[in-house]
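So the chains spell out like this:
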Amino acid sequence: MRFVSVNKEKFFELVNLLIKQKKERIVGVVKKDDDYIFNDLENAVELCLDYGKPTLLPPGKKYLLPRKETLLKFQNASSEIVNEAKPITLIGVHPYDLWAIKVMNAVFLSEPIDRNYAEKRKNMFIIGVDYLNPHPNSFCASIGTYEIHDGFDLLLTDIGKKYIITIDSEKGEKFIDKYIEFTKEATAIDLLFLDNAVNKAKEKYKLAMPLKKEELPKFLEDKYDNPLWTELAKKCFSCGKCNLVCPTCVCFNIEDKAELNLQEGVREREWHGCALKEFAEVAMGHNFRGKIEQRLRHRIYRKLSYTVSRYGIYGCVGCGRCINSCKAGIASPVEIIKKLNKE
Amino acid sequence: MAKPKVAIFSMACCAGCALQIVNLEEKILDLVGAIDVVEWQEGLSEKSGGNYDIAIIEGSIVTEKEAEELRKIRQTAKIVIAIGACAHTGGINCLGNHMSVEEKKSIVYDGDAGKIDGLKDAIQPRPLNAIIKVDAVVPGCPINKNELVEAVKCLLLGKKFRLPDYPVCFECALKENGCLFDLDIICLGPITRAGCEAACPSINKECNGCRGWVDDPNQNAAKDILEKYGLSIEDIKKRFEIFNAYKTEIMEKKNA
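Residues numbered from 1 in each chain as written. Chains lettered and ligands numbered in written order. Predicted model: local features only at pLDDT ≥ 70, side-chain atom pairs only at ≥ 80, totals over all residues. Heavy atoms only, no water.

(A) Quick peek at the overall build of chain B. A tally of helices and strands in chain B yields 9 helices and 7 strands. Here the C-alpha coordinates of chain B stretch approximately 55 × 50 × 30 Å along the principal axes. Across the 256 residues that make up chain B, the buried fraction comes to 52%. Carbon and sulfur atoms form 53% of the exposed surface of chain B, whose accessible area is close to 12,600 Å². (Helix = DSSP H or I, 4+ residues; strand = E, 2+ residues; numbered from the N terminus. Buried < 20%, exposed > 50% of the residue type's maximum accessible area, 1.4 Å probe, protein only. Areas by Shrake-Rupley, 256 points an atom, 1.4 Å probe, with all protein chains shown as cover.)

This is the structure:
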C-alpha cells in the first residue's frame, strides 16, 4: 500500500483544477442548513471534509443507484436498453459509507450482475476521508466500520495541516502520478500521525452496539416473536425514512411509464423501502408484511442477519442515519438490540 | 381507437385545480391529443350533454342543485375522477361544518340570507364521495398536475391509478430536506399522503395535510410526537381540520 501527503491548500487547488477540467462530475460533501449533503461542486471551498453528522442521503446509494433511473426506452414493439454512467468523482466519503458500498457490491455485482450498477461503479472514482469527528448517533467503532483499508481509490486522513492519502487502486496510483507535483511521499512520522488520528477517533464514539456483531445473527434467532416489535410498531409512522437514509437499503420498484400518446415510454426504477406499507403488496392485493411490526422487524433482521447469511457481510455500518431521521425515535438498531438483550 | 370523451366540471371551489390543467403548458397538447375534451367551463363554450368516458370534477358540493348535477354526471359518465382537496376531502369548504347551515347563513349574511336565491338549497359542504361513487382521486390543493396526467394515462391504458400510500416524509427525505420538526415547526407530513413531491416542506413551509391522510395513519404515533413537542390533540386539531374537517366530522359522528 502506498501513502502520500498533501498540504490542505494544495489539495483544494487540485480539486479546483479537477472542477475546471470539466472531464467528469466532481461531487463532494457540502453544508445544507444544519446538515450535510453530497452535491456537485462549483468550487473546492464548498467542501466540508471534517463533517461529523453523516450526510442526509448516503453517497454510494445516491450516485450508484440513483433514486430514479431509466433502464429501458420503448416505442411500440421495439425497445432500447439505457445504461447511463458518466464519469464521476466523489470526494469525502466516510469509511462507513465505503463499507456500505461493499454491501452494495455484494448485492449488485454478484450473479445476476446489475449492469447499470456495474457500469456506474466502474466509472466512479472515490476519494474517501477518515471519520475523525464521530456524531453522537454513530456507532462505527463497536462494529468495526470506523476504519477501512480497501474499497476506495484514495483515502484522506486529516493530520492537521495536511492530509495523508492512502492509495488503494490502480486508478488511484495513476491519479497521484498524474498530479505528482501536488503531493509528497509520506514519511514514517506521517504514518504514525495517521494511525494516531484514526485510533483517537475510535475512542470518541458515544454509542456502541452492546453485542459483538458476529454474535448478532445467532442472538436474533429466537427474537422473531418478541413482543418488542409490536411495542415499537405503536410508534411507527411507516414513513420509510429509515430505509431511505440507510446506505445499505438498496430495494427498488420498477415501473413502465407510457407517454400520453401510448406509443412510447420508459421503464424506470425508483427507490422503495420495506418499512412502507405497499412494499410487500403483491398481485391481487395480498400483503405479506401488512403489519407495521412485521416491517420494522424485517429491516433489523435484514441488516443484522439476512445479509450475513446471504452475502457474508453485515448490512448495518453504524452510521446512525436511521437514528437521526426517525421522528418517532424507534429506529436505532443499538436500542433495539439493547432492549432485546435485557430480557 | 376512438379518443375518450372527457368532460371537466367545476363545483364549489376556487377553480385552481382546473387552472393547473391549463398550467400543463407543453403537456396540454399531448393531453388534448390523447383525449377529446367535450365539456369544460374554463376552456370550451359548447356543452355536449352527456355520455362521457371520463368526468373530471373539481370542487365540493354545497347545494342540492349541485348534488343533483353530480348524480346526473355519475349516471352518464363511465369514470369519475375527483380532483383537488375540495372534491376529495371536502377541503376548506367544510371548515364550518361544526355549525348548522342556518347558523352559518345568519352569521355571514346577517339576516339577509333569505334574499339570496343561490342560498335557498344550501347544504353542509361535502366531498364528492359523500354523494356518488368516485373511481379515482387526484388529491391536493392545488393538484399536482403531473399526477393528473399519470391518472389519465393509467385510465387510457386500463391500469388502476394508484396514489402513494406513504407519508410526505418519504418524499421530503428524498429531497434531502432537513426535518421541520427540528426547527420547532409542526408539520403534518408524517400522516399526510405523499405525491406532492414535498412541495411545501421543501420551501420550509409546514405541511397542512391538503392531500388527506394516508390510508392507515398511526394516530398513536402522532400523539407521541405531539407530546414530545409539548402540544395537545386540541392544539393540532385545528391544523388537521384545515383540509380534513369533513373526516373529523365523520369520525366524531362514529364515536358519538
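(B) Spatial organisation of the interface of chain A and chain B. With 33 residues of chain A at the interface, the matching set in chain B holds 41 residues. Each partner contributes to the roughly 3,000 Å² buried at the junction of chain A and chain B, and carbon and sulfur atoms together form 61% of this total. Contact with chain B buries area across many residues of chain A, yet A:Phe237, A:Leu260 and A:Lys327 alone supply 29% of it, more than any other trio. At the junction of chain A with chain B, the criterion picks out 4 salt bridges. Summed over the shared surface of chain A and chain B, the result is 11 residue pairs in polar contact (both at pLDDT 80 or more). (Contact = heavy atoms within 4.5 Å. Buried area = accessible area lost by both parts, 1.4 Å probe. Salt bridge = Lys/Arg side-chain N within 4 Å of Asp/Glu carboxyl O. Polar contact = N/O pair within 3.5 Å; in protein donor to acceptor, adjacent residues only side chain to side chain.)

(C) Spotlight on the environment of A:Ala77. Counting through the fold element by element, A:Ala77 comes out in the loop between β4 (68-75) and β5 (78-81). Along the primary structure A:Ala77 and A:Gln263 are separated by 186 residues, whereas in three dimensions their C-alpha atoms are 9.0 Å apart.

(D) Representation of the side chain of A:Asn287. Residue and element names in this part refer to chain A. Note on placement: asparagine 287 falls in the loop between β12 (264-271) and α11 (292-311). The buried category is assigned to asparagine 287, whose relative accessible area is 18%. Polar side-chain contacts of asparagine 287 include one of 3.0 Å to the backbone nitrogen of arginine 289. When near neighbours in sequence (up to four residues on either side) are disregarded, asparagine 287 contacts Lys277, Ala280 and Glu281.

(E) Region of the structure containing the domain arrangement of chain A. Residues and elements named next belong to chain A. In terms of domains, chain A is made up of domain 1 (2-66 + 80-202) and domain 2 (213-342). With centres defined by C-alpha atoms, the gap from domain 1 to domain 2 works out at 27 Å. Across the contact, 32 residues belong to domain 1 and 26 residues belong to domain 2. Carbon and sulfur atoms make up 66% of the area that domain 1 and domain 2 hide from each other, which totals about 2,400 Å². Considering only the side of domain 1, the residues that lose the most area to domain 2 are Lys61, Val103 and Phe139, jointly responsible for 25% of the buried surface there. Residue aspartate 114 pairs with arginine 269 through a salt bridge whose shortest N-O separation is 2.8 Å. For the pair domain 1 and domain 2, the number of links is 13 residue pairs in polar contact (both at pLDDT 80 or more). Secondary-structure elements contributing two or more residues to the side of domain 1 that touches domain 2 are α2 (59-64), α3 (95-108), α4 (115-122) and α5 (140-143). Sort the elements by how many residues they give to the side of domain 1 that touches domain 2 and α3 lands first, with 10 residues. Of the residues assigned to the side of domain 1 that touches domain 2, the class counts are 19 nonpolar, 7 polar and 6 charged. (Domains from an automatic or database assignment. Nonpolar A, V, L, I, M, F, W, Y, C, P; charged D, E, K, R; others polar.)

(F) Up close: the sheet that holds strand β7 (residues 124-129) of chain A. All names here are of chain A. An order of β3-β2-β6-β7-β8-β9-β1-β10 is seen for the 8 strands of this open sheet, with the pairing classed as mixed. Two strands lie at the open edges of the sheet, namely β3 (35-40) and β10 (184-185), each paired on one side alone. Pairing between strand β6 (residues 88-93) and β7: 5 bridges, direction parallel. Bridged to threonine 89 within β7 is phenylalanine 125. (Pairing = 2+ DSSP bridges.)

(G) Seen up close, the packing of aromatic side chains. Summed over all chains, the structure comprises 17 aromatic pairs over all chains. Plain terms: the ring middles of A:Phe125 and A:Phe175 are 5.0 Å apart, the flat faces sit at 35 degrees to each other, and that makes the pair tilted. Pair noted here: A:Phe125 is in strand β7 and A:Phe175 is in helix α6 (residues 170-178), with a separation of 50 residues, a long-range link. For the pair A:Phe125 and A:Phe175, a shared accessibility class is recorded, and that class is buried. A ring pair is formed by B:Phe9 and B:Tyr52, whose centres lie 5.5 Å apart and whose planes are at 65 degrees; its orientation type is edge-to-face. Highlighted residues: B:Phe9 in strand β1 (residues 5-10) and B:Tyr52 in strand β3 (residues 52-58), separated in sequence by 43 residues. The class of B:Phe9 is buried, set by a relative accessible area of 8%. The buried category is assigned to B:Tyr52, whose relative accessible area is 5%. (Phe/Tyr/Trp six-rings, centres within 6.5 Å; stacked < 30°, edge-to-face > 60°.)

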